[in-house]
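Structural overview for review
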Amino acid sequence: MARQGLKSPQESVVDTSPVESFRTPSKEELRELREQPTDPQAQQEIIDSIEEVYFSSDSFDMVQYELEKLPPDLNLLELEEYRDKLKRQQAAVSTTRREELERVTSLQTNLQLAAVICTNARRQLHSAKEGFTEASLGLLANQRRRQLLTGLLKSLRTIKTLQRTDVRLSEMLEEEDYPGAIQLCLECQKAASTFKHYNCISELNSKLQDTLEQIEEQLDVALSKTCKHFDVSHYTKVQLAYKLLGKTQTAMDQLHMHFTQAIHNTVFQVVLGYVELCAGNADTKFQKMPYKDLCTHITTDSYIPCLTDLCKALWEVMLSYHLTMQWHDEHYKEEETTPGAGNTEGSDESTVGRSYVKKKLEHGLTRIWQDVQLKVKAYLLGTDVSNFKYDDFIVVLDVISRLMQVGEEFCGSKSEVLQESIKRQSVNYFKNYHRTRLEELRMFLENETWELCPVKSNFSIAQLHEFRFMGQCRSPSVSPSRQPESTELVELCLFEQYLQGGNPFEMQIDNKEEETEDVLASNGYESDELEKSVYQDYDSDSDVPEELKQDYVDEQTGDAPVKSVSRETLRSRKRSDYNLNRANAPILTNTTLNVIRLVGKYMQMMNILKPIAFDVIHCVSQLFDYYLYAVYTFFGRNDMYESSGLGLISSRLRTTLSRIQESLIDMEAGGENAGPHASPEERKEKVPSPHLSQLVILTSSDTLYGLAERVVATESLVFLAEQFEFLQPHLDTTMPSAKKPFLQQFYSQTVSTASELRKPIYWIVAAKAIDYEQMLLLMAGVKWDIKEIMSQHNVYVDVLLKEFEKFNQRLGDVSRIVRIPLPVSNVLWEHCIRLANRTLVEGYANVKKCSNEGRALMQLDFQQFLMKLEKLTDLRPIPDKEFVETYIKAYYLTENDMEQFIKNHREYSMKQLTNLVNVCLGSHINKKARQKLLAAIDDIDRPKR
């Protein structure tokens, strides 16, 4: 055919229309062609637009039909539009066909599944019908037979029980099966009334009533036993027995009476046992004594064991009560959840009974705890504990603290009775204890030779026994937030911990065991004497103080004490065997370590007994105050501070020292001028000012005037202040809110001033280490009114530098004995350089005549001094460098600039300013200007007079 030779649409377009060959469909047109309508209505419209001829027969040739429809003249755009139309029609038909085919397939699958389900269901229903009918008839027959036999068996058992009732009831009472006995007795009474027409059981009723009364008496005895040793099965039997009797409320009244009696009997027997044991005889008079009087016969040695046993016994009573309440709570919950427990008959009566028991138990908590507090209070106040050793008193506090924790968990009580009684004992004890400790601290300080205590480089106060309590969380006063490692222990209450056995007061025995410390540095030689001095303690007057007193007597008599000789030997061996100059080794003394230990003991007491927390913290602050005051008195007191003009003592430090002297130091005891005489009561609260040991030499130039001792003393104070900073959060948590400003002021006004003592203490060394007077004499011999510029500096500069080199060498010698921290080294160099620079200005101020060339020579000398000095020290910038340079350059100022200079630079003395004006007279300042400038100087000086 002619149409088979047609070219492609593109070729036809090229041939027929050359102009249109350059036009291609746009992207938007192509996108529209690809997008088929998804709207069902739009698809239906497309299907409706298909010509009917397409649906005429299956043999219809669509291609031939469409080719024949082509016009003679072909247009590409029209052909493309028509082609797109056909494609849309084809897509719509395909989509519709696919959807219908999916519906048919799904319907076919569902019909097949339904047929299978119906077939299986019919088969199973048929099987169930046959099996159920036969089994049901058999079950009914067996059940009827069982009922007949059960009735027969019940009747036979009733007759048998009635015949053996007396024997069986006696056996049950011996076995303490009270519910069974009561149940049997009640059943017998009921059966006897049912079969009373039989002659064999007609006389049984009277016997059963007597037996029931006997059971009630034994039941009351059994109830009293649960007050000391609670047993779940035993108590369950007793309660069930009372429930069978209908006397649950009566049982609860009797139970509380038994608990009250158990508390009294328990404490009386415990105290009586110790009193009779200590008395050593079997005198019966103690048994007739009232409990309060009996407590006064407890001896000091037996006080703590008796208190511990007393609390153990009371714990058993309270634990029994706690378990009793727990039993009732669980029992009631079980009744509520058990099906059939809420029968309408008797349910109201049961609810009233449960409510009565619950209220009775809750009210009994406070009543029982109050009885416990009163018994323990009588025991606490029956003995004077003010002379107890520290460890013994801590045990007492710990036991009472544990008992108060028990009370808080038992009934939520704050234990006001116990707190008041233990507070009264604690305040009296602590006042005496603190007064003794301060006296011992003074004795330690007066015998301290300020040598290093060789502790390990990783030393921490947490390693000391006295601070172990901070990580154990043993006291209810400890905040769980401050003890993350012991959180689980704190959250688990005591009644849960010791539910299965044990006693919270048994752990007091472990407190007596010595724990090992590992704080001493290992140097291959640790003598018993050194170890003893490091571990000196304050808790016994017969231990360390006697040794210290002996040393003190030897020093007063002038005899060479044996201990001091061994100390020198020990020091020489330590220097050879042990490197004391490690960069990170703490600098502290034995006295510092003892103060830290004492602070730990105070904090233990405060942690256990919060009501006296403020009193304890106040005493802790006095320990630090006294140590700070002693270091200042020994090494820092000097009358030349004010005249130096260096501001060595800040106003805050001066205020702190004055406060300590007024509030803590007994000036009258030392024979010093104390102003108005203090009352005896006020002097009792004060301590005499300490005196430096005669073994400490601060006047030798070879040792840089005791620099090693000064470093140990000052840096040990700084170390002590750092430990106080570490303890501040713990102290803050125990301090009452109303008293926290005192703690904050103590830290801001006292603890933070410890490092400020470096300036006045090391200034004394700096003032004596360099011969500044010699430099002034050498400067006075220099001629400054020269006429030519010099290229060589003066000799006094070399002399001064040699002094600094000698100082640096001695500083190195001292550093081999004791580590000199960088802040200390910086303070020493700063003081020496500052004093040297001020001496230079003073020397320049003594010059009578000076030319411009002389001023240039001064600058040359100073630059030479700075250049050499910077090689000796790393301290930057050089202190008071501008102080010297500004004074030298002031010589060149004009009259007006000089007047302004005088007003702005008040750091120079009147002599230095006056000399500056006089030297300038004749060179560039006339006499009139001189008078004016001198008048300006006088105006500045007038307010100071």
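Treat the numbers as computed from the prediction; the structure is a model and nothing was measured. (Residues numbered from 1 in each chain as written. Predicted model: local features only at pLDDT ≥ 70, side-chain atom pairs only at ≥ 80, totals over all residues. Heavy atoms only, no water.)

**Section: the overall build of the protein chain**
The condition is simple: A helix here means a DSSP run of H or I that spans at least four residues, while a strand means a run of E at least two residues long, and both kinds are numbered starting from the N terminus. Burial here depends on accessible area, computed with a 1.4 Å probe over protein chains only, as a share of the maximum for the residue type. Under 20% is buried, over 50% is exposed, and the range in between is partly exposed. A 1.4 Å probe and the Shrake-Rupley method give the accessible areas. Residues count as covered only by the protein chains that appear here.
On a plain count of helices and strands, the protein chain comes out with 35 helices and two strands. Counting the 945 residues in the protein chain, one finds 43% classified as buried. Accessible surface, the protein chain: about 51600 Å² in total, of which carbon and sulfur atoms supply 51%.

**Observations concerning the environment of Q183**
Note that Q183 resides in helix α6 (residues 178–194). In this structure the C-alpha to C-alpha distance between Q183 and L245, which are 62 residues apart in sequence, comes to 9.0 Å.

**Details of the packing of aromatic side chains**
Defined as follows: The aromatic pairing rule takes the rings of Phe, Tyr and Trp, using the six-membered ring of Trp, and pairs them if the centres are within 6.5 Å, calling planes under 30 degrees apart stacked, those over 60 edge-to-face and the rest tilted. In this analysis the charged atom, NZ for Lys or CZ for Arg, is taken to sit over a ring once it is within 6 Å of the ring centre and within 35 degrees of the ring normal.
Evaluation of the coordinates by the stated rule reveals 36 aromatic pairs. On the basis of an interplanar angle of 35 degrees and a centroid distance of 6.3 Å, the ring pair of F862 and F865 is categorised as tilted. Of this pair, F862 and F865 both sit in helix α31 (residues 852–872), three residues apart, which is roughly one turn of the helix. Overall, F865 belongs to the buried group, its relative accessible area being 2%. Each member of the aromatic cluster is reached from another via a ring pair, and the members are F259, W315, Y321, F410, F495 and Y498. Residue placement shows K739 over the ring face of F614; its charged tip is 4.6 Å from the ring centre. One Lys or Arg, R838, reaches over the ring of F883 and ends 4.5 Å from the middle of that ring.

**Overview of the packing of helix α20 (residues 590–608) against helix α21 (residues 613–636)**
Helix-helix packing is characterised by the crossing angle of the two axes and by the distance between the axes. Short version of the rule: Note on method: axes are straight lines fitted to C-alpha atoms, helices fitted across the in-contact stretch only, with angles between N-to-C directions ranging 0 to 180 degrees. For this classification, under 35 degrees means roughly parallel, over 145 means roughly antiparallel, 65 to 115 means roughly perpendicular, and everything else is oblique. The criterion used for residue contact is that any of the two residues' heavy atoms lie within 4.5 Å. For this classification, the nonpolar set comprises Ala, Val, Leu, Ile, Met, Phe, Trp, Tyr, Cys and Pro, the charged set comprises Asp, Glu, Lys and Arg, and every other residue, Gly included, is treated as polar.
Closest axis-to-axis distance for the α20/α21 pair is 9 Å, and the angle between their directions is 170 degrees. When the axes of α20 and α21 are compared, the pair comes out roughly antiparallel. Each of T591, T592, V595, L598, V599, Y602 and M606 in α20 lies in contact with α21, whose residues at this interface are A613, V616, I617, C619, V620, L623 and Y627. Classifying every residue of the contact of α20 with α21 by side-chain character gives twelve nonpolar, two polar and no charged.

**A word on the confidence of the model for the protein chain**
Quick reminder of the rule: One confidence number per residue, pLDDT, is output by the predictor and ranges from 0 to 100.
Of all residues in the protein chain, 78% attain a pLDDT of 70 or more, and the chain-wide mean is 79. Contacts for the low-pLDDT stretch residues 508–514, under 50 throughout, to residues beyond four places or in other chains number nine contacts. Taken together, the stretch residues 524–581 has pLDDT below 50 and engages in 98 contacts with residues farther than four places along the chain or on a different chain.

**Observations concerning a negative patch on the surface**
Quick reminder of the rule: The patches described consist of residues with a relative accessible area above 30% and no salt bridge, like charges being joined within 9 Å and nonpolar side chains (Val, Leu, Ile, Met, Phe, Trp, Tyr) within 5 Å. Criterion for a salt bridge: a side-chain nitrogen of Lys or Arg within 4 Å of a carboxyl oxygen of Asp or Glu. Note that His is not counted, nor are the chain ends; the positive residues are Lys and Arg, and the negative ones are Asp and Glu. Every charge is mapped onto a representative atom, which is NZ of Lys, CZ of Arg, CG of Asp or CD of Glu.
Together, D329, E330, E334 and E362 line one region of the surface with negative charge. Here the element with the most residues in the negative patch is helix α11 (residues 300–337); it accounts for three residues. Inspection of the secondary structure puts E330 in helix α11.

**Section: unusual backbone geometry**
The linkage connecting R876 with the following residue, P877, adopts the cis geometry, with an omega of -5 degrees. Mapped onto the secondary structure, P877 falls in the loop between α31 and α32 (881–889). Even without a glycine there, the phi angle at S415 is positive, about 55 degrees. Counting through the fold element by element, S415 comes out in the loop between α13 (390–411) and α14 (416–447). Of note in the backbone geometry, W450 takes a positive phi value of approximately 55 degrees without being a glycine. Relative to the helices and strands, W450 is located in the loop between α14 and α15 (487–491).

**Notes on the nonpolar core**
Keep this limit in mind: Definition of nonpolar core: a set of buried residues of the types Ala, Val, Leu, Ile, Met, Phe, Trp, Tyr and Cys, connected through side-chain atoms within 4.5 Å.
Counting 233 residues, the largest nonpolar core has V271, Y379, F624, L707, Y844 and F865 as the members making the most contacts within it. The element that contributes the greatest number of residues to this core is α11, accounting for 17 residues. Discounting residues that sit within four places of it in the chain, Y379 has contacts with V271, Y291, C295, I298, S302, Y303, C306, L307 and L310.

**Remarks on the environment of G180**
Along the chain, G180 falls in helix α6. Taking relative accessible area as the criterion, G180 reaches 17% and is therefore assigned buried. Taking C-alpha positions, G180 is 9.9 Å from R168, a pair spaced twelve residues apart along the chain.

**Quick word on the side chain of D880**
One can find D880 in the loop between α31 and α32. Setting aside anything within four residues of it in sequence, one finds D880 in contact with R834, N837 and R838.

**Some words on the pattern of salt bridges**
Inspection of every chain in the model, using the stated rule, returns 21 salt bridges. For the salt bridge of E440 with R437, the shortest nitrogen-to-oxygen distance reads 3.0 Å. One end of the pair, E440, and the other, R437, are both in helix α14, three residues apart, so they sit about a helical turn from each other. Residue E440 shares its accessibility class with R437, and that shared class is buried. The structure contains a network of salt bridges with shared partners spanning E830, R834, R838 and D880.

**A few points about the packing of α21 against helix α26 (residues 740–749)**
Interhelical geometry of α21 versus α26 gives an angle of 10 degrees and a closest axis separation of 11 Å. Relative to α26, the element α21 lies roughly parallel. Taking contact as the criterion, the partners of F614, I617, H618, S621, F624 and D625 in α21 are, on α26, F742, L743 and F746. By residue class, the composition of the contact of α21 with α26 is six nonpolar, two polar and one charged.

**Re helix α34 (residues 910–920)**
Within α34, eight of the eleven residues are buried, which leaves the element mostly enclosed by the surrounding structure. Looking at α34, one finds that the buried residues are M910, Q912, L913, N915, L916, V917, V919 and C920. Close packing links the buried residues of α34 with α30 (822–845), α31, α32, α33 (895–904) and α35 (927–941).

**Some points on the state of the cysteines**
The condition is simple: Cysteine sulfur pairs qualify as disulfides if the two atoms are within 2.5 Å.
As enumerated under the stated definition, the model contains zero disulfides in all. C311 carries a free sulfur, and the closest cysteine sulfur to it, the one in C306, is 9.5 Å from it. What makes C311 buried here is its relative accessible area of 0%.

**Thoughts on the environment of I937**
Residue position: I937 is located in helix α35. Residues I937 and V917 lie 20 residues apart in sequence; the distance between their C-alpha atoms is 9.8 Å. Apart from residues lying up to four places away in sequence, I937 is in contact with I902, M910, L913, T914 and V917.

**Topic: helix α3 (residues 40–48)**
For the record, the criterion: Directions drawn from the helix axis to the C-beta atoms are what define this arc.
Within the sequence span of α3, burial applies to Q43, I46 and I47. One side of α3 carries all its buried residues, which in axial view fall inside an arc of 100 degrees. Among the exposed residues of α3, those pointing more than 90 degrees away from its buried face are Q41 and D48.

**A word on the side chain of T633**
Positionally, T633 belongs in helix α21. In this structure T633 comes out as buried when scored by relative accessible area, which is 16%. Discounting residues that sit within four places of it in the chain, T633 has contacts with S689 and P690.

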